[in-house]
Amino acid sequence: MRWFYSLFFFSLSIDQELTFHTLKTEMQKRSIEIGPSQMRTLKLIGEDGLYTNLALLLSDQCETTTKVALFQGTDKELFRDRKEFKGSILKQLEDVYQFIDLVNKTKATFSGLDRTDRRDYPEEAVREALLNSIVHRDYFFSGSNLVNVYENRIEFVSLGGLVSGLELKSIFLGVSQSRNPNLAAVFYRMRLIESYGTGIGKIERAYKACPFQPEFEIAKGVFRVTLPNRNEEQETEVQKIDCANNDISLDEQKNLIIQYVRENGSITRKEVEDLIGAGTTKAFRLLKELCEADKLEQKGSGKLSAYFIK
């Protein structure tokens, strides 16, 4: 079936008025020639001298985009920011990585006089997950590449799932079968990826010493890689069960929050979590409901939010 997955890249681009400013710039950085001869070798130009769909993806006119959403909390209830990155997939790769790098905070810990800095997400894991979502997705689908950033994780969602005939356990056994061998060949030539499927192994090694491990999930037509925030407390299954079986009613929990604000002047989402033993999502929902009921008012935004008696 390999010929089927290569068909998209061998097909001619409907748009033949393509430019390659990003591609040429990236190739020059790596001292790689990229003239007509090299473009034929890399399958950007077909035997008829016309640009292929692979060329379209690498061109400045690329129609596929990458959407990045930044959420407050651990669900999709509240957006903090959202962006859609366009242009060559090489430009999207760089732009998305830089965006994630800006929100990838560093936490300092101290042991005596020694200071240790650790970023929320290992740079190597972010890089590999992002490359995986771009290189191995199915471009017969017209949807965007998706990156969802929460307070406790980042999700990289790519369309297409696994190559037909492979299962997730096959990947962990070291089997490598690229859906887009021509695209992978370009990225390999640019030294962005290695010739064999080592990306998942690199992600796992980046989290080797972390109690929370990355997750790899498959649904019909979708592959998702989730990287946990190493510096954020993760909600465990035990905590979820405790919250679900909490004997205190929602009204009583809200009364506890109101009482705390009256006694202390204000409350934060984190303080609500500690007060009633809830997770981030539930704490945020209770605060939102109290604000909608005109019992509290929110001041500030994001992690700087505080709630006061209205």
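Our structure is the block above this text.
Keep in mind that this is a model prediction, so the values were computed, not measured.

Asker: Explain the sheet that holds strand S8 (residues 222-228) here, please?
Answerer: Adjacent strands of a sheet form backbone hydrogen bonds with each other and so pair up, either parallel or antiparallel. Ordered by their spatial adjacency, 6 strands build an open sheet running S2-S1-S5-S6-S8-S7, and the pairing between neighbours is mixed. Sheet topology places strand S2 (78-85) and strand S7 (215-219) at the edges, where each strand pairs with a single neighbour. Across this sheet, the average inter-strand angle for adjacent strands is 15°, counted without regard to direction. Relative to S8, strand S6 (residues 153-159) runs antiparallel, the two being bridged by 7 bridges. Each bridged residue has a counterpart across the sheet, and for Ile154 the counterpart in S8 is Leu227. Of the strands in this sheet, strand S5 (145-149), S6 and S8 are in contact with helix H6 (residues 123-135), which crosses S8 at around 170°.

Asker: Help me understand unusual backbone geometry in this model?
Answerer: Across residues other than glycine, the phi torsion is negative in most instances, and most of the peptide bonds are trans. One non-glycine residue, Arg191, adopts positive backbone phi at about 65°. Along the chain, the position of Arg191 falls in the loop between helix H8 (181-189) and helix H9 (199-206). Look at Asp294: it is not a glycine, yet its phi comes out positive at around 60°. Take Asp294: it is sitting in the loop between helix H13 (280-292) and strand S9 (296-299). For Asp294, a relative accessible area of 48% gives the class partly exposed.

Asker: Before we go on, may I ask you to explain the packing of aromatic side chains in this structure?
Answerer: Pairs of aromatic rings are described using the distance from one ring centre to the other and the angle between the two planes. As enumerated under the stated definition, the model contains 4 aromatic pairs in all. With 4.9 Å between their ring centres and 15° between their planes, Phe71 and Tyr150 make a pair best called stacked. In this pair, Phe71 sits in strand S1 (residues 66-72) while Tyr150 sits in the loop between S5 and S6, placing the two residues 79 residues apart along the sequence. Per residue, the accessibility class of Phe71 equals that of Tyr150, and both read buried. Note on Phe85 and Phe99: the rings are 6.1 Å apart at their centroids and 65° apart in plane angle, and the pair reads as edge-to-face. With Phe85 in strand S2 and Phe99 in helix H5 (residues 89-103), this pair connects stretches of sequence that are 14 residues apart. For Phe85, a relative accessible area of 12% corresponds to the buried category. Overall, the relative accessible area of 9% leaves Phe99 in the buried class. Taken together, the ring pairs in this structure connect Phe71, Phe79 and Tyr150 into an aromatic cluster. Between Arg82 and the ring centre of Phe79, over which it is positioned, the NZ or CZ distance is 3.4 Å. Over the aromatic face of Phe308 sits the side chain of Lys299, whose NZ or CZ is 4.9 Å from the ring centroid.

Asker: What is the right way to look at the packing of helix H12 (residues 269-276) against H13 in this model?
Answerer: Packed helices, taken two at a time, are described by their axes: the angle between them and the distance between them. Contact pair H12 / H13: the axes reach a minimum separation of 9 Å and the direction vectors enclose 110°. Looking at the two axes, H12 sits roughly perpendicular to H13. Contacts between H12 and H13 involve Arg269, Val272, Glu273 and Ile276 from the former and Thr280, Ala283, Phe284, Leu286 and Leu287 from the latter.

Asker: Would you mind showing me how to read the pattern of salt bridges here?
Answerer: Two side chains of opposite charge can pair, provided their charged atoms sit close to one another. Under the defined criterion, the tally for this structure stands at 18 salt bridges. Two residues, Asp117 and Arg115, come together in a salt bridge whose shortest N-O distance is 2.8 Å. For Asp117, a relative accessible area of 46% gives the class partly exposed. A salt bridge links Glu194 to Lys202; the nearest nitrogen and oxygen atoms lie 3.0 Å apart. For Lys202, a relative accessible area of 16% puts it in the buried group. Taken together, the salt bridges that share partners define one network made up of Arg127, Glu128, Glu194 and Lys202.

About the cut-offs
- Residues numbered from 1 in each chain as written.
- Predicted model: local features only at pLDDT ≥ 70, side-chain atom pairs only at ≥ 80, totals over all residues.
- Heavy atoms only, no water.
- Pairing = 2+ DSSP bridges.
- Helix = DSSP H or I, 4+ residues; strand = E, 2+ residues; numbered from the N terminus.
- Axes fitted to C-alpha atoms, helices over the stretch in contact; angles between N-to-C directions.
- Contact = heavy atoms within 4.5 Å.
- Buried < 20%, exposed > 50% of the residue type's maximum accessible area, 1.4 Å probe, protein only.
- Phe/Tyr/Trp six-rings, centres within 6.5 Å; stacked < 30°, edge-to-face > 60°.
- Lys NZ or Arg CZ within 6 Å of the ring centre and 35° of its normal.
- Parallel < 35°, antiparallel > 145°, perpendicular 65-115°, else oblique.
- Salt bridge = Lys/Arg side-chain N within 4 Å of Asp/Glu carboxyl O.

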